[in-house]
Amino acid sequence: CFMMYDGVGVEDPSVNLSSSEINIYPNPTRDNVNILSPDEIIEVSIFNQVGQMLEYVSANSKHIIISTTNLNKGVYFVQVRTEKGIEVRKLMVQ
């Protein structure tokens, strides 16, 4: 992952943007999104495109379901923290 801090790019090795271990479905979604991981999910955060956290779920499970009915149509980023690190995925809400 490549992050920008005050115009300086910094690589963060703990963030993985494209691993196939975590499954987020359905994507695109309307009402609920399922997050499935082979590892224990510690927490999930959903951010809008400007980086505001809109949802936060603390969990100790390999499968969680989050309602997306309070999110407007658009693209969001789902940050999933597991025992092995953090993954960020895009989520489309219709």
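In this text the structure is predicted, and so the values were computed from the model without any measurement.

Considering every residue of the chain, the mean pLDDT works out to 86; 79% of them sit at 70 or more. Confidence drops under a pLDDT of 50 for residues 1-11, and excluding neighbours within four residues, the segment shows 15 contacts in the predicted structure.

Moving on, we come to the pairing of strand 5 (residues 32-47). Here strand 4 (residues 23-25) pairs with strand 5 via 3 bridges, running antiparallel. Considered in strand 5, the bridge of Y25 is made with N34. Between the antiparallel neighbours strand 4 and strand 5 lie 6 residues. Bridge count for strand 5 against strand 6 (residues 53-67) is 11 bridges, and the pairing is antiparallel. Of the residues in strand 6, the one forming a bridge with N32 is S67. The antiparallel hairpin formed by strand 5 and strand 6 contains 5 residues in its connecting segment, where G51 sits at a positive phi of about 90 degrees. In terms of strand pairing, strand 5 meets strand 7 (residues 74-82) through 6 bridges, oriented antiparallel. Bridging across to strand 7, F47 finds its partner in F77.

Here is what the cut-offs are and how they apply
Residues numbered from 1 in each chain as written. Predicted model: local features only at pLDDT ≥ 70, side-chain atom pairs only at ≥ 80, totals over all residues. Heavy atoms only, no water. pLDDT = per-residue confidence, 0-100. Contact = heavy atoms within 4.5 Å. Pairing = 2+ DSSP bridges. Helix = DSSP H or I, 4+ residues; strand = E, 2+ residues; numbered from the N terminus.

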